[in-house]
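Examining the three-dimensional arrangement
The lines below spell out each chain.
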Amino acid sequence: MLRNKNIILGVCGSIAAYKSAVLVRLLIKAGANVRVILTADAANFITPLTLATLSKNPVYTRYFEEETGVWSNHVELGLWADYMIIAPASANTMAKMAGGLCDNLLSAVYLSAKCPVFYAPAMDLDMWKHESTQANISKLTSFGNTMIAPNNGELASGLHGEGRMAEPEEIVAFLTDTIKKNLPLSGVKVLVTAGPTYEPIDPVRFIGNHSSGKMGFALADQMAVLGADVTLISGPTAEKSTQQVTRINVTTASEMLEACKLNFSGTSITIMSAAVADYTPVHVASQKIKKATEEFSIELKKTTDILATLGKLKTKEQILVGFALETNNEEEHAKGKLIKKNLDLIVLNSLNDAGAGFQKDTNKITIFNQSLEKTVYEVKSKTEVAKDICTEILKLRMA
Ligand code: CTP
């Protein structure tokens, strides 16, 4: 959830500031880009050097760093962030946030940020209970800010009660859960097929194709970015997922069919981008075939069309997306497959288009929906193409 996300961590003056070192470490470990802003008081509790080393970025404390002559642009910082976390959030900073004050860099960045803001209060029991603090929390909630509630326990003052900042592990778990819950495909089961299939001829040879699996892997990654629980059924490929997806490796068309049938029920979205072999040898030789004759032919039989099989099983609630790779009469063939296989969308690739096809990092697609309306796209990277396909699928879910 946090991979490649830009996070501003604001640290206020509180003894809990010592925990921000662990928090930065956990965010970095989760793949986030972290920039830390310390208030002047926070710098008394934890050194900028510690947080700069852990975050691998300079730490910001003031608008203007006299030693370096660097001006910290609060607007640029606020817009850079995908998420802002203020932890520990002191009663003073919470009051500034609620009141719109900006007499330091942290509160100015807060006012400039357009991203979701999370804050983890840390203060003594009576400060926490005070009507003023509670009124500020209500105000921050009305602004759409999310509080990561403090724990009950021993406080730095020696008192016992509410006000202890949530532990760094709890903050990261809260953040990831909230982000995941708010994603458009949170909890949605998605099935994607990718790559070629290999149909064995004998123990050393097979019939395959040039599919790299790049398009299917990009789709699976993009669906996971949108919060989906993705199962990726892949033929032989060197590709790797960059997101959390459940991968099932198969080799032949019949193995892919079985895996798809097993995983289809309960999925809301299925995208079949695999280049499945249409024919497979009738007999697979148990020993290596020797070159004994001048001519040699292999008897082939049709494989089961997996997409058409799922098209027959599909319920009204399930979205089924197929691909069509064509070399001639492209649009007619694609539309024919859309109807024949009972699909919701078909993605057409033409091998005649520069920038489209096997092994490439780019693709050029046209999408047809059930009303046979078409959307034509430019040549784009396969990641961008995957985003376009996901956008069309999201539109269908909202229709
Ligand atoms: N497909 C499938 N099972 C097969 C063959 C194809 O599920 N045995 C799926 C592919 O994953 C793709 C779609 O069907 O989503 C279209 O594949 P394509 O190779 O373009 O077309 P075919 O239906 O195989 O027809 P033809 O080869 O005659 O063009």
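Quantities reported herein were computed from a predicted structural model and do not represent experimental measurements. (Residues numbered from 1 in each chain as written. Predicted model: local features only at pLDDT ≥ 70, side-chain atom pairs only at ≥ 80, totals over all residues. Heavy atoms only, no water.)

Membership of the largest hydrophobic core comes to 33 residues, with the highest contact counts inside it found for Met-223, Val-230, Ile-269, Ile-271, Ile-389 and Ile-393. Put simply, the parts of the chain that give this core at least two residues each are strand 10 (189-194), helix 10 (214-225), strand 13 (229-234), strand 15 (269-272), strand 18 (319-326), strand 19 (345-350), strand 21 (365-369) and helix 14 (382-398). Of the residues forming this core, the biggest block, 7 residues, is contributed by helix 10. Excluding anything up to four places from it in sequence, Ile-389 contacts Met-215, Leu-219, Phe-323, Val-347, Ile-365 and Ile-367. Counting residues in hydrophobic clusters, the runner-up holds 32 residues, among them Leu-2, Leu-38, Ile-46 and Ala-120. (Core = buried A, V, L, I, M, F, W, Y, C linked by side-chain atoms within 4.5 Å. Buried < 20%, exposed > 50% of the residue type's maximum accessible area, 1.4 Å probe, protein only. Helix = DSSP H or I, 4+ residues; strand = E, 2+ residues; numbered from the N terminus. Contact = heavy atoms within 4.5 Å.)

Attention shifts here to the UniProt feature "domain: Flavoprotein" (unreviewed entry) in the chain. Following the UniProt record, the feature "domain: Flavoprotein" (unreviewed entry) maps to residues 5-177 here. Along residues 5-177 the backbone is 42% helical and 23% strand, and the end-to-end C-alpha distance reaches 15 Å. (UniProt positions renumbered as here; feature names shortened; annotations may be inferred.)

What follows is about the site of the ligand. Every one of the 16 residues lining the ligand counts as a neighbour, but Met-272, Ala-274, Phe-323, Lys-337 and Lys-341 are closest to it. Met-272 is positioned such that a nitrogen or oxygen atom in its backbone is 2.7 Å from an oxygen atom of the ligand. Note that an oxygen atom of the ligand is positioned 3.0 Å from one of the backbone N or O atoms of Leu-325. Relative to its free-state accessible area of 570 Å², the ligand is covered by the protein chains to the extent of 77%. Ranked by residues supplied to the shell around the ligand, first place goes to strand 18 with 4 residues. Across the shell around the ligand, the residue classes tally to 9 nonpolar, 3 polar and 4 charged. (Near = heavy atom within 4 Å. Polar contact = N/O pair within 3.5 Å; in protein donor to acceptor, adjacent residues only side chain to side chain. Areas by Shrake-Rupley, 256 points an atom, 1.4 Å probe, with all protein chains shown as cover. Nonpolar A, V, L, I, M, F, W, Y, C, P; charged D, E, K, R; others polar.)

A few words on the pattern of salt bridges. A complete count under the given rule lists 17 salt bridges for this structure. Glu-258 is the partner of Lys-261 in a salt bridge, and the nearest nitrogen-oxygen pair spans 3.8 Å. Here the residue Lys-261 and the residue Glu-258 both occupy positions in helix 11 (residues 253-264), the gap between them amounting to 3 residues, near one helical turn. Put simply, Lys-395 and Glu-392 hold a salt bridge, and the shortest N to O gap is 2.9 Å. Of the two residues, Lys-395 and Glu-392 both sit in helix 14, 3 residues apart, roughly one turn of that helix. Owing to a relative accessible area of 46%, Lys-395 belongs among the partly exposed residues under this scheme. Assessed through its relative accessible area of 13%, Glu-392 is described here as buried. What you see here is one network of salt bridges that share partners, running through Lys-19, Arg-164 and Glu-167. (Salt bridge = Lys/Arg side-chain N within 4 Å of Asp/Glu carboxyl O.)

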